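One-letter residues, chain by chain:
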Amino acid sequence: MCGISGIISSNTITKKLLNSIQNLEYRGYDSCGMAIINSHGPVIRKNIGHVADVAEKELFLSMDGYVGIAHTRWATHGGVTPANAHPHANCDGSIAVVHNGIISNYLDLKQTLIKKRHHFISETDSEVIPHLIEEYRKGGMPLESAFSAALKELEGSFAVAMVAYEEPGRIFCAKHESPLIIGLGNNENYLGSDFNAFIEYTKDAVVMDDGEYAIISNEGYAIKRIGDGSPVLKKVMQIEWDAEMSKKGGFPHYMLKEIYEQPETVNKALAISQEAIISLARGLVDSRRAFLTGVGTTFYAAQIGQYYLASEAGLSIPAISSDEFLESTPAGEGDFVLAVSQSGETYDTLRVLREAKNRKAKTAAIVNVIGSTMARLVDTTVMQGSGPEICVISTKAALAQMVILIRTAIEAGIITGKLTPADRKAKLKQLETLPGLISDFLNEHSAFVHNLAKRQAHHHNWLYLGRGKYYPIALEAALKVKEVAYLHTEGMPAGFLKHGTIALIDEKLKCLVFVPTEKEHELYKMTMSSIEEIKARGGSVVAIHSSRAFAKSPLLDDQLLLPSAPPLVMPLVALVASQLLSYFFATTLGRNVDKPRALAKSVTVA
Ligand code: AGP
């Protein structure tokens with residue numbers, strides 16, 4: 001989504017504000033801007049493009065001041081144009097506002113304001129905010145009251161920050177269903193959509209909740225309720241992540257760095273206390289009905305959970321994509337909803353959890369971002385501890401989520417009696433081989449993957465196929481290719497192919513098949529049948545597999561041979577291989593790996 005930052009200090013802030021918004025660029029990057037208060041009022045500079053380019057073009061560093069706000073945009077209302085970039089101003093330019101979220105009643109508000117002779121420049125919903133504040137000021141209200149009165153008129157979701165000429169020593173901000181965090185420094189305070197906005201400057205933070213606004217000066221802050229202006233006291237929290245974790249560390253892209261961090265993030269997922277994992281397992285087993293949810297990659301992680309809960313615990317617990325959950329699944333009292341989310345801020349998933357809570361269902365979440373809305377909303381939170389994931393494309397966070405869900409399935413297996421303690425011990429031992437397997441694969445096979453990508457990247461249409469646990473892996477792998485390489489890639493169960501899609505098979509359509517281990521006899525044989533069916537129709541097969549015998553098969557047009565691994569962990573090894581393949585597809589095709597077109601790291605709107 002969009003990124004918001006703000007700094008107020010007793011020293012000049014321009015460089016820090018620019019750095020801050022650069023560190024949030026992964027949240028959205030079609031345009032950006034800054035407003036800094038100086039002796040003439042808020043000076044606003046903004047344009048379309050990435051922060052570094054706009055900063056150079058608009059001479060951001062030549063702006064000087066002690067207080068400012070900045071924004072990096074992911075367009076929702078209105079195209080990618082300089083006028084639609086934030087900050088937005090009121091008619092006389094004395095108020096500058098940045099906004100993340102969607103003001104759903106903006107058209108009505110805009111009409112009313114136009115009738116009152118307000119002049120609009122952009123097509124955005126956000127621009128109504130400075131004009132509304134201005135309208136209240138005209139009636140003689142003090143700025144703070146005008147700010148909170150305007151907030152009360154907004155419907156939808158917002159994180160808002162405002163600076164105004166008449167009060168140059170304060171930043172005003174507010175939160176409702178879009179994240180906002182205050183950072184506390186020495187004679188200098190910060191504001192950000194997430195910790196990355198200010199983690200280089202302070203580790204002390206205060207997380208704002210829905211329905212709150214805050215006034216920040218360089219000496220302190222005050223948080224109040226939008227409803228009645230009553231003060232809110234908050235705990236200051238310590239951010240555990242450190243700034244170095246958010247740097248590229250010698251890798252050409254965050255995506256590659258994060259793929260290579262996976263042995264470590266798997267270890268962190270394995271180190272999560274057994275108690276925490278059992279609490280998830282208990283929730284799933286003891287409830288009337290249980291559901292898993294997430295969206296995009298985290299839906300596929302949830303599906304992995306579904307398959308392992310079936311195999312390890314004999315449980316039937318559906319994974320439902322959170323964007324469709326409420327319309328398909330009325331969860332209520334006695335039910336348990338376990339959500340998966342890297343950011344903890346995804347609108348679709350939060351919507352499910354809020355509704356589940358309203359209907360008295362129990363909720364839990366596996367989340368990566370500390371202090372996120374989801375982590376604070378649910379009854380039980382398991383923090384996955386994967387560290388900051390900066391690339392828009394999720395890799396290390398997704399793998400860690402899958403490991404946590406597999407551990408949960410194993411504990412659920414103990415509770416249901418499908419597994420004995422000895423089985424659990426053996427299975428956990430197998431899981432513990434995963435970090436080593438991944439690091440060996442990355443160190444020894446990366447060149448093979450790169451060469452495969454170079455041979456295959458010019459094919460524009462792909463089917464990614466898998467059976468059983470390899471089906472959600474195929475879906476997730478296909479999403480990676482779409483997101484980062486922009487190749488049309490459809491993930492599908494290999495068994496589903498023959499029920500219609502097989503009509504598409506020809507020599508131009510590439511089929512990438514995830515082949516199970518030979519030990520999974522039945523599944524292996526059935527996957528082979530799918531391959532035969534493709535070949536019989538003149539199709540082309542690339543396989544990701546671990547069978548030394550199959551490696552010599554004439555059925556293969558190309559392949560990636562994986563190291564041997566226990567069936568329990570092989571789907572995850574295959575996933576890592578496919579992540580690396582997507583990365584090399586993208587670099588071969590010259591894509592913008594860390595900031596692919598049209599995407600944003602966390603999608604906080606409907
Ligand atoms: C992952 O590569 C995607 N960018 C996207 O599908 C993402 O997983 C999805 O938006 C959910 O985000 P969350 O994990 O932060 O909730």
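A. Fine view of the sheet that holds strand β25 (residues 558-561). Taken together, five strands build an open sheet; the order of strands is β22-β21-β23-β24-β25 and the sheet is parallel. This sheet does not close on itself; its edge strands, each paired only once, are β22 (488-493) and β25. Taken pair by pair, the neighbouring strands of this sheet meet at an average axis angle of 15°, ignoring direction. Here helix α15 (residues 434-456) sits on the sheet and contacts β21 (461-466), β23 (510-514), β24 (540-545) and β25; the angle it forms with β25, its principal contact strand, is near 170°. Across the sheet, helix α16 (residues 470-485) is in contact with β21, β22 and β23; its angle to β22 comes to roughly 170°.

B. Expanded view of the nonpolar core. Formed by 96 residues in total, the largest nonpolar core has its most connected members in L292, L338, Y464, F514 and F585. Each of two domains, domain 2 (249-432) and domain 3 (441-598), supplies a minimum of three residues to this core. Those residues in contact with F514, other than ones at most four positions away along the chain, are Y464, L465, G466, Y470, I473, A474, A477, T527, I544, A574 and S578. By size, the runner-up hydrophobic cluster in this structure holds 28 residues, among which are I7, L18, F60 and I181.

C. Fine view of the packing of helix α9 (residues 297-313) against α16. It is at 9 Å that the axes of α9 and α16 come closest, and there the two elements cross at 170°. With respect to α16, the element α9 is oriented roughly antiparallel. Between α9, through T297, Y300, Q303, I304 and Y307, and α16, the contact on the second element is made entirely by Y471, P472, I473, L475, E476, L479 and K480. Among the residues forming the contact of α9 with α16, the class breakdown is eight nonpolar, two polar and two charged.

D. Seen up close, the pairing of β21. Within β21, five of the six residues are buried, which leaves it mostly tucked inside the rest of the structure. Bridge analysis of β21 against β22 gives six bridges, and the strand direction is parallel. In the strand pairing of β22, W462 is matched with T489. The β-α-β motif built from β21, the intervening α16 and the parallel element β22 has right-handed crossover chirality.

E. Layout of helix α3 (residues 106-115). All of the buried residues in α3 are Y106, L109, K110 and L113. Taken around the axis of α3, the buried residues stretch over an arc of 100°, which confines them to a single face. Turned more than 90 degrees from where α3 packs its buried face, L107, D108 and K115 sit exposed. On its buried side, α3 packs onto β6 (95-103), α4 (128-138) and α5 (143-153).

F. Focus on the packing of aromatic side chains. Under the defined criterion, the tally for this structure stands at 12 aromatic pairs. With a centroid separation of 6.5 Å and an interplanar angle of 75°, the aromatic rings of Y307 and Y471 are classed as edge-to-face. Taken together, the positions of Y307 in helix α9 and Y471 in helix α16 put the pair 164 residues apart, joining distant regions of the chain. Overall, Y307 belongs to the partly exposed group, its relative accessible area being 27%. Their ring planes at 80° and their centres at 6.1 Å tell us that W462 and Y464 sit as a pair that is edge-to-face. With respect to class, W462 is no different from Y464; both count as buried. One residue, K16, lies across the ring of Y201, its end atom 4.9 Å from the ring centre. Residue placement shows R597 over the ring face of Y486; its charged tip is 3.9 Å from the ring centre.

G. Looking closely at the site of the ligand. Neighbouring residues of the ligand: 14 residues in total, closest S341, Q342, S343, T346 and E483. Here an oxygen atom of the ligand sits 2.4 Å away from a polar atom, N or O, in the side chain of T346. Contact with the protein chains covers 91% of the free accessible surface of the ligand, which is 410 Å². Counting atoms within 2 Å of the grid points, the majority share of the ligand lands in the largest pocket. Listing elements by their share of the shell around the ligand, those giving two or more residues are α9 and α16. The greatest single-element share of the shell around the ligand, amounting to three residues, is contributed by α16. Within the shell around the ligand, the residues separate by chemical class into four nonpolar, eight polar and two charged.

H. Structural detail: the environment of A400. Tracing the chain through its elements places A400 in helix α13 (residues 396-416). Sequence separation between A400 and H253 is 147 residues, and the spatial gap between their C-alpha atoms is 20 Å. Those residues within four positions of A400 in sequence are excluded, and the remaining contacts are T265, A269, Q384 and S386.

What counts, and at which threshold
- Residues numbered from 1 in each chain as written.
- Predicted model: local features only at pLDDT ≥ 70, side-chain atom pairs only at ≥ 80, totals over all residues.
- Heavy atoms only, no water.
- Pairing = 2+ DSSP bridges.
- Helix = DSSP H or I, 4+ residues; strand = E, 2+ residues; numbered from the N terminus.
- Axes fitted to C-alpha atoms, helices over the stretch in contact; angles between N-to-C directions.
- Contact = heavy atoms within 4.5 Å.
- Core = buried A, V, L, I, M, F, W, Y, C linked by side-chain atoms within 4.5 Å.
- Buried < 20%, exposed > 50% of the residue type's maximum accessible area, 1.4 Å probe, protein only.
- Domains from an automatic or database assignment.
- Parallel < 35°, antiparallel > 145°, perpendicular 65-115°, else oblique.
- Nonpolar A, V, L, I, M, F, W, Y, C, P; charged D, E, K, R; others polar.
- Right-handed = clockwise from strand over helix to strand, strands pointing away.
- Arc of directions from axis to C-beta.
- Phe/Tyr/Trp six-rings, centres within 6.5 Å; stacked < 30°, edge-to-face > 60°.
- Lys NZ or Arg CZ within 6 Å of the ring centre and 35° of its normal.
- Near = heavy atom within 4 Å.
- Polar contact = N/O pair within 3.5 Å; in protein donor to acceptor, adjacent residues only side chain to side chain.
- Areas by Shrake-Rupley, 256 points an atom, 1.4 Å probe, with all protein chains shown as cover.
- 1 Å grid on protein atoms, 1.4 Å probe; cavity = no way out; pocket = protein on both sides within 12 Å on 5 of 7 lines; lining within 4 Å.
- Sits in = over half its atoms within 2 Å of the grid points.

Coordinates in, geometry out; function isn't part of it.
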